[in-house]
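Notes for the structure review
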Amino acid sequence: MIKALFSILIFPGFLFVSVFGLFAEFFDRKIYARLQNRVGPPWFQTFADFIKLLAKEDIVPCEANPRMFGLAPIFALASVITVFLYIPLWKTETLFSFNGDIIMVLYLLTVPTLAFFIGGWYSTSLFARIGSVRCVTQLFAYEVPLFMSILAAALLANSWSLVDIVIFYTRHPLYCLFNLIGFGISLIALLGKLEKTPFDIPEAETEIVAGAFTEYSGRLLAILRLTIDIEMVVGSALLVAVFFPFGLTLAPITGFVVFMAEIMFVIALLSLLRTVVARLRIDQMINFCWKYMVPLAIFQLLLNLTLKRILM
Amino acid sequence: MGLVKKIVTWARIKSPWILHFNTGACNACDIEIIAALTPRYDLERFGVQLKGTPRHADILVCSGPVTKQIEDRLVRIYEQMPEPKFVVAVGTCACSGGVFNGCYNIKGGIKSTIPVSAFIPGCPASPKAIIDGVVKLLQSLEEPKK
């Protein structure tokens with residue numbers, strides 16, 4: 001009981017993942033700034049932002065539905081934190097593992113997007129409604145290639161449990177090279193999930209002020225921002241666990257450090273991608289996903305099926 | 001309580017998010033405000049971020065005299081911002097109405113419509129003056145605690 005509470009609330013649950021998420025946001029913003037030849041924010045910036053938002057006034061617009069408006073961010077935060085309990089962090093074991101948990105992880109990562117949609121829709125602001133509809137439109141475009149490429153890697157490992165996938169790829173590290181296309185696809189799809197620059201259409205600040213978050217202020221906005229930070233960490237951790245889970249067989253502390261470094265590497269790749277590209281239109285984004293990413297993901301799936309036949 | 005208050009004040013000083021609003025300026029002050037936000041001065045060093053919506057903003061940066069047409073909008077935007085909120089008037093027109101004071105379509109400086117925390121004179125105010133004004137406003141938050 002106490003052990004379960006500890007793992008849910010402190011490590012690797014709420015406290016650890018929040019601090020790590022805020023640190024990851026700082027890391028992302030710093031790299032973004034350095035690539036633009038700026039100095040960038042100091043290390044405590046994201047913590048100051050978070051505390052300041054917690055201390056601000058909460059405004060619920062009088063036309064909004066207060067219950068849905070208030071609950072949506074909490075659901076989003078709870079679901080992303082839950083995902084972290086299923087990702088192996090310091091050894092090839094998770095706290096709660098079962099066969100098929102990769103499907104659950106993928107679907108729990110979809111919950112925040114739907115929560116953003118619901119929160120934006122019920123705040124009844126025009127900008128928020130446009131943003132939330134774009135949020136869901138985008139979901140249908142990036143979700144299919146993301147699922148296909150991650151499940152293709154799972155297919156090669158012959159298991160739908162994250163722990164077994166990690167064990168398989170640690171035993172056969174060279175097999176990771178077959179999944180390079182899938183890794184690229186899921187990296188780009190993750191940018192869509194996190195609403196980062198080429199795909200930040202739902203919160204395009206130059207056209208629809210802040211998208212689904214337009215009406216949020218104070219504590220609820222702090223929760224929403226924390227959700228996106230944690231989603232970034234969890235998404236990167238999922239990619240690491242599926243595509244290159246090296247180092248987890250080392251001693252607990254070394255394994256943990258190596259895994260964190262790998263997560264930071266994926267986050268750095270995400271920041272690099274968001275620096276070098278500009279925002280697409282929603283129709284261009286959907287065309288890109290269905291015309292190029294889905295066929296590549298299908299190719300990866302077929303490749304892995306063939307390889308499985310040949311190698312095993 | 002003292003410690004919590006100190007941390008909150010620290011966070012407020014370290015993360016001012018601004019909203020830029022043109023209340024009828026000739027665009028010169030707006031260009032200088034935008035110049036202050038470019039990588040040349042890199043205000044993200046101090047945690048300043050330009051936000052699109054008044055709900056996310058802490059500081060409303062206004063430029064220009066308040067025209068009769070913009071008056072209602074200015075009040076509405078001010079009221080949409082969550083507490084605690086501050087207003088900075090950038091440029092001579094925003095401070096006092098400037099050369100437009102007394103015109104048939106002008107109400108006066110920003111102070112005539114909403115409370116203002118900091119005045120930054122200049123025609124237009126240079127980016128360095130704007131940064132200096134905002135820093136002085138943030139320092140004034142800290143002083144009563146000492």
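You'll find the structure just up there.
Note that the coordinates shown come from a computational prediction; the quantities given were computed from them, not determined experimentally. (Residues numbered from 1 in each chain as written. Chains lettered and ligands numbered in written order. Predicted model: local features only at pLDDT ≥ 70, side-chain atom pairs only at ≥ 80, totals over all residues. Heavy atoms only, no water.)

Considering the overall build of chain A
What counts here: Only DSSP runs of H or I reaching four residues or more are called helices, and only runs of E reaching two or more are called strands; each is numbered from the N terminus. Computation of the radius of gyration draws on C-alpha atoms alone. For the globule rule, the value is 2.2 Å times the number of residues to the power 0.38. We call a residue buried when its accessible area falls under 20% of the maximum for its residue type, exposed when it is over 50%, and partly exposed in between, using a 1.4 Å probe and counting protein chains only. Here, two residues are considered to be in contact whenever any of their heavy atoms come within 4.5 Å of each other.
Counting its regular elements, chain A contains eleven helices and zero strands. If you list the helices and strands of chain A from N to C, you get α-α-α-α-α-α-α-α-α-α-α. For chain A, the C-alpha radius of gyration of 19 Å lies close to 20 Å, the compact-globule estimate for 312 residues. The dimensions of chain A, computed from C-alpha atoms along their principal axes, are 60 × 50 × 40 Å. Every one of the 312 residues in chain A was classed for burial, and the buried ones make up 56%. Taking as baseline every contact in chain A between residues at least 6 positions apart, the subset at least 24 positions apart corresponds to 80%.

As for the overall build of chain B
Condition: Surface accessibility in these figures is a Shrake-Rupley result with a 1.4 Å probe; residues are shielded only by whichever protein chains are displayed. For the purpose of counting charges, residues Lys and Arg are taken to be positive, whereas Asp and Glu are taken to be negative. His and the chain ends are not included. Think of each charge as sitting on NZ of Lys, CZ of Arg, CG of Asp or CD of Glu.
Scanning chain B for helices and strands turns up five helices and seven strands. Mapped from its N terminus to its C terminus, chain B presents α and β elements in the order α-β-α-β-β-β-α-β-α-β-β-α. In terms of C-alpha radius of gyration, chain B reaches 15 Å, essentially the compact-globule figure of 15 Å for 146 residues. The C-alpha extent of chain B, read off along each of the three principal axes, is 50 × 30 × 30 Å. The 146 residues of chain B split such that 49% are buried. Surface exposure of chain B reaches about 7200 Å², of which carbon and sulfur atoms provide 58%. For chain B, the centre of its 18 positive side-chain charges and the centre of its 12 negative side-chain charges are spaced 3 Å apart.

Focus on the interface of chain B and chain A
The condition that has to hold: Any Lys or Arg side-chain nitrogen found within 4 Å of a carboxyl oxygen on Asp or Glu counts as a salt bridge. What qualifies as a polar contact is a pair of N or O atoms within 3.5 Å, subject to a donor-acceptor requirement within protein and to the restriction that residues adjacent in sequence count only when both atoms come from side chains. Side-chain classes are defined by residue name, with Ala, Val, Leu, Ile, Met, Phe, Trp, Tyr, Cys and Pro counting as nonpolar, Asp, Glu, Lys and Arg as charged, and the others, Gly among them, as polar.
Chain B puts 27 residues into the contact, and the matching count from chain A is 28 residues. Joining chain B to chain A, the criterion identifies six salt bridges. Where chain B meets chain A, there are 17 residue pairs in polar contact (both at pLDDT 80 or more). Per element, the largest residue contribution to the side of chain B that touches chain A is six residues, and it comes from helix α1 (residues 2-14) of chain B. When its residues are assigned to classes, the side of chain B that touches chain A shows eleven nonpolar, seven polar and nine charged.

With respect to the pairing of strand β5 (residues 86-90) of chain B
Residues and elements named next belong to chain B. Definition in use: Strands qualify as paired when DSSP identifies two bridges or more between them.
A large share of β5 lies buried, amounting to five of its five residues. The alternating pattern of β5 places Phe86, Val88 and Val90 on one face and Val87 and Ala89 on the opposite face, and all of these are buried. As paired strands, strand β3 (residues 59-63) and β5 are joined by five bridges and run parallel to one another. Residue pairing across strands places Ser63 opposite Val90, the latter belonging to β5. Note that β5 and strand β7 (residues 118-120) share three bridges and pair parallel. Of the residues in β7, the one forming a bridge with Val90 is Ile120.

Quick word on helix α11 (residues 282-311) of chain A
Residues and elements named next belong to chain A. Under the convention used in this document: To estimate the expected span of a helix, count its residues, drop one, and scale the result by 1.5 Å. The quantity called bend is, for any residue, the angle between two axes fitted respectively to the seven residues ending at it and the seven beginning at it.
When the terminal C-alpha atoms of α11 are compared, their 41 Å separation across 30 residues agrees well with the 44 Å that a helix rising 1.5 Å per residue should span. Within α11, the axis deviates most sharply at Met293, by approximately 30°, and proline Pro295 lies no more than four positions further along. Taken together, the buried positions of α11 are Met285, Cys289, Met293, Val294, Ala297, Gln300, Asn304 and Leu307. Contact partners of the buried residues in α11: α6 (126-157) and α8 (180-193).

Details of the sheet that holds β5 of chain B
Residues and elements named next belong to chain B. The test is simple: Structural elements are reduced to axes, namely lines fitted to C-alpha atoms, with helices fitted over the stretch in contact, and the angle between N-to-C directions of any two is expressed from 0 to 180 degrees.
If you trace the five strands from one edge of the open sheet to the other, you get β2-β1-β3-β5-β7, paired in parallel fashion. The strands lining the two open edges of the sheet, one partner per strand, are β2 (49-50) and β7. Bridge count for strand β1 (residues 17-22) against β3 is five bridges, and the pairing is parallel. Looking at β3, one finds that Phe21 is bridged to Cys62. Sheet strands touched by helix α5 (residues 127-142): β3, β5 and β7. Its angle to β7, the strand with the most contacts, is close to 165°.

Brief notes about a nonpolar patch on the surface
Residue and element names in this part refer to chain A. Condition: What goes into a patch is any residue over 30% in relative accessible area without a salt bridge, connected to like charges within 9 Å or, for nonpolar side chains (Val, Leu, Ile, Met, Phe, Trp, Tyr), within 5 Å.
On the surface, a nonpolar cluster with roughly 1000 Å² of combined accessible area is contributed by Met1, Ile2, Leu5, Phe6, Ile8, Leu9, Ile10, Phe14, Leu15 and Val19. Mapped by element, the contributors of at least two residues to the nonpolar patch are α1 (2-9) and α2 (14-35). No other element matches the five residues that α1 contributes to the nonpolar patch. Tracing the backbone through its elements, the reader meets Leu9 in helix α1.

Comments concerning the pattern of salt bridges
Residues and elements named next belong to chain A. All chains considered together, the criterion is met by 18 salt bridges over all chains. A salt bridge links Glu143 to Lys193; the shortest N-O distance between them is 3.4 Å. Here Glu143 is found in helix α6, whereas its partner Lys193 is found in helix α8, with 50 residues between them in sequence. The buried category is assigned to Glu143, whose relative accessible area is 11%. A relative accessible area of 2% places Lys193 in the buried class.

Thoughts on the nonpolar core
Formally: Note on terminology: a nonpolar core comprises buried Ala, Val, Leu, Ile, Met, Phe, Trp, Tyr and Cys residues joined through side-chain atoms within 4.5 Å.
By size, the foremost hydrophobic cluster in this structure holds 75 residues, and its most contacted members are Ile150, Tyr169, Leu238 and Phe259 of chain A. At 13 residues, helix α9 (residues 218-243) of chain A tops the list of elements feeding residues into this core. Setting aside its immediate chain neighbours within four residues, Ile150 of chain A contacts Ile102, Leu106, Ser186, Leu238, Leu239, Val242 and Phe243 of chain A. Of all hydrophobic cores here, the second largest spans 22 residues; its members include Ile13, Tyr41, Ala118 and Leu141 of chain B.

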